[in-house]
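This is what each chain is made of:
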Amino acid sequence: MLCAPCDSGRPSRGTSWLSPADFHWAALEQHAALLLTAFKSGAWVPYAQELVFAESLAWFVWTEETLRAAARAADPWTATGRLVRVLDSNAFFLLRDVPATDPALHTLRRLIDTLAAAAA
């Protein structure tokens, strides 16, 4: 069994085994936290289109399908940016196993909300 802090955010929390969603969560958590830290420190300055994209993501219900559709519809600048790569890497796969309100998506939500606030 994992320690309480390690177990609290993962998708299959409360179980003694790790699911594939846990591995997607670990990678997403790391990538989203790194990008959030880089943004807050000024080490990463997103394209203006990425900020608008983040603002749009903040307003709709997240499912695997809605995030995939948003990423596909993104303009070329946004599609090549770091934000879409964070989504594309693991968020889609994680949303197969957890609802949009799951704590496993908390760091990604913070990143999106921070970027959306910067767009305003």
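Analysis parameters
- Residues numbered from 1 in each chain as written.
- Predicted model: local features only at pLDDT ≥ 70, side-chain atom pairs only at ≥ 80, totals over all residues.
- Heavy atoms only, no water.
- Helix = DSSP H or I, 4+ residues; strand = E, 2+ residues; numbered from the N terminus.
- Buried < 20%, exposed > 50% of the residue type's maximum accessible area, 1.4 Å probe, protein only.
- Contact = heavy atoms within 4.5 Å.
- Areas by Shrake-Rupley, 256 points an atom, 1.4 Å probe, with all protein chains shown as cover.
- Salt bridge = Lys/Arg side-chain N within 4 Å of Asp/Glu carboxyl O.
- Core = buried A, V, L, I, M, F, W, Y, C linked by side-chain atoms within 4.5 Å.
- Phe/Tyr/Trp six-rings, centres within 6.5 Å; stacked < 30°, edge-to-face > 60°.
- Lys NZ or Arg CZ within 6 Å of the ring centre and 35° of its normal.

*Asks:* Before we go on, may I ask you to explain the overall build of the chain in this structure?
*Replies:* Scanning the chain for helices and strands turns up seven helices and zero strands. Each helix (α) and strand (β) of the chain, taken in turn from the N terminus, gives the series α-α-α-α-α-α-α. In the chain, which comprises 120 residues, the proportion classed as buried is 42%. Here the analysis covers contacts within the chain between residues at least 6 apart in sequence; of these, 68% occur between residues at least 24 apart. Roughly 6500 Å² of accessible area belongs to the chain as shown, and the carbon and sulfur atoms make up 63% of that amount.

*Asks:* Quick question: what am I supposed to make of the pattern of salt bridges here?
*Replies:* Pairs may arise between side chains of opposite charge once their charged atoms sit close together. Considering all chains together, one arrives at two salt bridges under this definition. Residue Glu64 pairs with Arg68 through a salt bridge whose shortest N-O separation is 3.1 Å. Taken together, the residues Glu64 and Arg68, both in helix H4 (residues 64–73) and four residues apart, mark about one turn of the helix. The class for Arg68 is partly exposed, based on a relative accessible area of 25%. A salt bridge links Arg96 to Glu64; its shortest N-O distance comes to 2.9 Å.

*Asks:* Got a minute to help me understand the environment of Asp22 in this structure?
*Replies:* Turning to its location among the elements, Asp22 is positioned in helix H2 (residues 20–41). Take Asp22: its relative accessible area is 5%, and that puts it in the buried class. C-alpha separation for the pair Asp22 and Asp97, spaced 75 residues apart in sequence, amounts to 9.6 Å.

*Asks:* Sorry, what's going on with the nonpolar core here?
*Replies:* The nonpolar side chains of a soluble globular protein tend to be buried with one another. By size, the foremost hydrophobic cluster in this structure holds 33 residues, and its most contacted members are Trp62 and Leu108. Elements supplying a minimum of two residues to this core: H2, helix H3 (48–57), H4, helix H6 (82–94) and helix H7 (106–119).

*Asks:* Can you help me understand the packing of aromatic side chains in this one?
*Replies:* To describe a pair of aromatic rings, one takes the distance between the centres and the angle between the planes. Here the structure, examined in full by the defined rule, presents two aromatic pairs. Between Phe39 and Trp44 the ring centres are 6.1 Å apart and the planes differ by 65°, which places this aromatic pair in the edge-to-face class. We classify Phe39 as partly exposed; its relative accessible area is 21%. Positioned above the aromatic ring of Phe93 is the side chain of Arg68, whose terminal nitrogen or guanidinium carbon lies 5.6 Å from the ring centre. Positioned above the aromatic ring of Trp62, the side-chain terminus of Arg109 is 3.6 Å from the ring centre.

Shape descriptors only; they carry no functional weight alone.
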